[in-house]
Amino acid sequence: MRLIRGAPGAGKTAQVFREFKQALRDNPATAQIVVPTATLVRHFQHELARDGVVFSPSAVVSLNRFVRDRAPERHQTPPGLLRAIVRSVLLEATIPEFAEVAGTDGMTSTIIDTISLFENAGCTPERLAAVRKLSSHGKAFEKVWRAVAAKVRDCGYDSRVDLFRSAATNTGGMRLWFDGFLHFSSLETELIRSLAKTCDLTLTLSDSQAASEIRRLALEMGAQDRLLAASPRKSGITTVATDSIEREADEIARRIVASQDRGIPFREIGVALRDSPSYLALLRATFERFGIPARYYFASALVWHPAATFLSGLIECVLHGWEFGRTLDTLRAHPGWGKSAVFDRFDFQVREAMPGRGADALLALAEEDLAKRMRHCFAIEAWGKEELRATDWIRRFTLLGESLYRPGMIDLPRDFAAVETMRSHVAGLRAWCDAIASVSSFWPESESLTLETFWRVASESIDATSVQAPDDRRDVVHVMSVFEARQWNVTTLFVCGMTDRDYPKKNPQNLLFSDPDIDALRKSGIPLRKAADSDREEDALFESLKGRADESLVLTWPAHDAAGKSVESSRYIVNLRMENPAPKFEEARLCRPAPVGEPAGFSLAGRIDAPALLASLAQQHQRISLTALEDMVQCRFRFFAGRTLGLKGRPERPQERLQPRVTGLILHEALEAWLQLRRTGDFVALFEAAFDKACREKHLPPGYRLEVERMQLRNIASRVSASEQWTPVDSQPEVELALDFPGGITVNCRVDRIDLMNDRDCVILDYKSSRTARVEQFVESQVKLQGPLYALAAREQRNLNTIAMMYVAVREDKRFGWGAVPGVDLDLKEMPPNWIEDARARAVGRIESFLGGAIHPEPVEPDQCRWCDYAQACRYETKQGLVMITGAHGA
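Residues numbered from 1 in each chain as written. Predicted model: local features only at pLDDT ≥ 70, side-chain atom pairs only at ≥ 80, totals over all residues. Heavy atoms only, no water.

Looking at the overall build of the protein
So, step 1. If you tally the helices and strands in the protein, you get 36 helices and 23 strands.
So, step 2. Oriented by its inertia axes, the alpha-carbon framework of the protein measures out at about 115 × 70 × 55 Å.
So, step 3. If you take every contact in the protein between residues at least 6 apart in sequence, the share linking residues at least 24 apart comes to 75%.
So, step 4. Averaging the locations of the 116 positively and 120 negatively charged side chains of the protein gives two centres separated by 4 Å. (Helix = DSSP H or I, 4+ residues; strand = E, 2+ residues; numbered from the N terminus. Contact = heavy atoms within 4.5 Å. Lys, Arg positive; Asp, Glu negative; His and termini not counted. Charge placed at Lys NZ, Arg CZ, Asp CG, Glu CD.)

Next up, the structure:
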């Protein structure tokens, strides 16, 4: 046995490659390199291939693959089956300590993690049972583990301990190099000891405190210790603070593009992540915008893949009677017709018909072509009444996936993202079928199962399965976890998210075994790892990352989190600044992707130039409502999308329908009826009638939330007073008026109430059911034109002088507006000079620019975009972000 040590960059892997190449020439059947992870396997294979070495793919393997190959008669339990077994044992076993949480996902995960903890320590259920003094939770876990192990054996599988110990007996005559390891578990240590007795074994280690445990192990076994004298790799370190995580991703992309321009291939650049949930999707989107090819060494949960959403959803729909909402989500995930325009129309129809259930009712709402496709999905409804063996159910499920989950005709891919999507569909379908097949041995071969019984276990397997689309591109940036990055050698390495939360990271303790419990088990000869052991390795993790880059290590972190709160940088950043020489600190530069030029002859985005289209636009909008005019004044694109194109927002589902917009309409309808009765009727009774009508017409689901909203609105209705603070000569409700604008445009409006104080003067009231604070904002808004344009219409059509115009917030019976009523203190604002004329000028300017072809998004009040149905179409926020960011490569 030999031990090769050296600092990062000292040439340990190069020495391994030289010896491995010579061994391939001497006896290729016995030479093998073993590395910690599958991603490092591919990295080593690519490096050897670039050197022109011809070798078998099995000559470079991960440790797990090496063990499986050495013990072909042993089969470790698939993750999905193990999860199903653990869940079943927890539910069936009567263990008081776990009774309250036995059915939770968290308890299942805790048991699986704890089993892994003990197996890595080389422990078995029998050995744990022999420990005399176990805590109550320890005894309960031992019972569960023993039952799980028995079920695993009944299914024909083996534990990880059995697998490793079997592999240790079948390794004679090999020449092995173990490269890239920083730590061995107790179970792996047993394997190393066995290999050292029968094989020509070489271990490579970093010359650091982190690898002292492995070095001590090797020296105990009589290894020849060789220290490479080459100087350690000294990469230039740069620290970069950004304002937010989004700007951090932009800065990394900018630097990658700049590195590529300097001649560094993408494949020589790595990005290390620790908080992958926060960074992975963001980096994907950012790199795609900047045109950076990247390979992401992360698998995603199968349960969220469209294949599982569609196929698993069909089974759930059978078991739940094709409930409309569940079925709509399921069918939408189909990779072919799920994103078609015909399905969008079906989506609208179903949402408007909710609540409901039944396959026939759904088919009645679909157009014929779509209904024909969906009938194949609904054909499995009969499965809910059948009983089959597990192997028969698996066969049916596999045929179901292969026959229904089809993307249809595939267009020529425009870029790798399209290729990745197609590959993802195939990978997701295969993973779903494999997850289903993995539970075949859970039941006896002859047992007949209902669909519900089989699916209860199969769905557990799907929940535990991951999927990753293959990516064989050569020149890509490598995006990986920090634990994989510490084993790679690249020219430039980015480590993002260098905050005090993640560097160093505080590892959680095991939930079933406290530190004193683990100390007691260690005294009994079971070498379990504690959270503190992992905490001590944090410094070693960062030290190893510092030595992974040949030229440049860039450490980045956001100064603020998503909520805008300040974030502290890692203490490692602080320590680096105290070193001599200290690393460079650079400010992030605002940047954007280089714009792509538009082909000649294309008009500017957001404009209509064709004379025929402009004429049609003017003809279509000869008469518009005042509400529509306010939409135009707020944003031309909002008016164009809703009023010109006639686009509609997707109908809300039943549980989403009780929105402020609906409750406002209820109050407003009651107000109209009350005003028609000259404010003499019982407003509460009118409100109740309007509320019941809305429940019928909009299919509002009955329940606690509905009744609470009814009570709150009834309280508002009871406060609406029939008496006023002034006495008009005449009061006219629901007054229809119109205004003429240039271009032959007529704006129609309906005033809630006009009070005539004499032959000339009037008071205009507009009732609002919105929140009082929102109604108050109408007075200052540049978009809300009802006040001045109502006054203009009253002057032009009725020859009336408006002395006061007010919005009445009926929720709290408060008034906001302009002017004054003689003898009444309303605390209204003074009417501004040219109040009416300025509002008319703003409206005329918007109308003229719109009819001139300007339809681009440019909201006057951007805060209102959150309520717009077309916000995802106009992409105004994205456009503004790119306009504000300048100074990037190619900008």
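Points about the pairing of strand S19 (residues 730-741)
Where a strand is regular, its side chains alternate between the two sheet faces.
So, step 1. By the bridge criterion, 11 bridges tie S19 to strand S20 (residues 745-756) in an arrangement that is antiparallel. When the sheet's bridge partners are listed, Phe741 is paired in S20 with Ile745.
So, step 2. Hairpin connection of S19 to S20: three residues between the antiparallel strands, including Gly743 at a positive phi of 85°. (Pairing = 2+ DSSP bridges.)

Concerning helix H1 (residues 12-26)
So, step 1. The terminal C-alpha atoms of H1 lie 21 Å apart, and with 15 residues this matches the ideal 21 Å at 1.5 Å per residue to within 8%.
So, step 2. By the burial criterion, the buried members of H1 are Lys12, Gln15, Val16, Phe17, Glu19, Phe20, Ala23 and Leu24.
So, step 3. For H1, the elements touching its buried residues are strand S1 (2-6), strand S2 (31-35), helix H2 (38-50), strand S4 (175-178), strand S5 (200-206) and strand S6 (224-227). (Expected span 1.5 Å × (residues − 1). Buried < 20%, exposed > 50% of the residue type's maximum accessible area, 1.4 Å probe, protein only.)

A look at the sheet that holds strand S8 (residues 269-273)
So, step 1. Read across the sheet, seven strands follow the order S9-S14-S8-S15-S16-S7-S17 without closing on themselves; strand pairing throughout is parallel. Looking at strand neighbours, the two that pair on one side only are strand S9 (294-296) and strand S17 (584-587), the edges of this open sheet. Adjacent strand axes in the sheet meet at a mean angle of 20°, parallel and antiparallel pairs treated alike.
So, step 2. Two elements, strand S7 (residues 236-242) and S17, share four bridges in a ladder whose sense is parallel. Paired with Ala241 across the strands is Glu587, a residue of S17.
So, step 3. The strands touched by helix H12 (residues 276-290) within the sheet are S8, S9, strand S14 (477-481) and strand S16 (549-558), with S8 carrying the most contacts at an inclination of about 145°. (Axes fitted to C-alpha atoms, helices over the stretch in contact; angles between N-to-C directions.)

Side note on the sheet that holds strand S3 (residues 60-62)
So, step 1. The parallel open sheet is built from six strands, whose spatial order is S3-S2-S4-S5-S1-S6. Each having just a single partner strand, S3 and S6 make up the two edges of the open sheet. Averaged over all pairs of adjacent strands, the angle between strand axes in this sheet comes to 20°, irrespective of strand direction.
So, step 2. Across four bridges, the pairing between S4 and S5 is parallel. In the sheet register, Leu176 faces S5, and the bridge partner there is Leu201.
So, step 3. Sheet strands in contact with H2 are S2 and S3, and its direction is about 170° off that of S3.
So, step 4. Along the sheet face, helix H3 (residues 63-70) touches S2, S3 and S4 and points at about 100° away from the line of S3.

Observations regarding the packing of aromatic side chains
So, step 1. All told, the structure shown has 34 aromatic pairs when counted by the stated rule.
So, step 2. Ring plane angle 85° and centroid distance 5.3 Å describe the contact between Phe17 and Phe44, whose orientation is recorded as edge-to-face. One end of the pair, Phe17, is in helix H1; the other, Phe44, is in helix H2, with 27 residues separating them in the sequence.
So, step 3. For Phe17, a relative accessible area of 9% puts it in the buried group.
So, step 4. On the accessibility criterion, Phe44 (5% relative accessible area) is buried.
So, step 5. Centre to centre, the rings of Phe118 and Trp145 are 5.6 Å apart; their planes meet at 50°, and the pair counts as tilted. One end of the pair, Phe118, is in helix H5 (residues 105-120); the other, Trp145, is in helix H7 (residues 136-154), with 27 residues separating them in the sequence.
So, step 6. In this structure Phe118 comes out as buried when scored by relative accessible area, which is 0%. (Phe/Tyr/Trp six-rings, centres within 6.5 Å; stacked < 30°, edge-to-face > 60°.)

A short note on the confidence of the model for the protein
So, step 1. Scored by pLDDT, the protein comes out at a mean of 88, with 96% of its residues at no less than 70.
So, step 2. Below pLDDT 50 for its whole length, residues 598-603 participates in two contacts with residues either more than four positions away or in separate chains.
So, step 3. Considering only residues more than four positions removed or in separate chains, one finds that residues 880-891, a stretch of pLDDT under 50, has 23 contacts. (pLDDT = per-residue confidence, 0-100.)

A few points about the pattern of salt bridges
So, step 1. Evaluated as defined, the whole model comprises 65 salt bridges.
So, step 2. Across the salt bridge formed by Glu672 and Arg750, the nearest N and O atoms sit 3.2 Å from each other. One end of the pair, Glu672, is in helix H29 (residues 660-676); the other, Arg750, is in strand S20, and 78 residues separate them in sequence.
So, step 3. According to the relative accessible area criterion, Glu672 is partly exposed, its value standing at 24%.
So, step 4. Exposure remark for Arg750: the relative accessible area of 38% places this residue in the partly exposed category. (Salt bridge = Lys/Arg side-chain N within 4 Å of Asp/Glu carboxyl O.)

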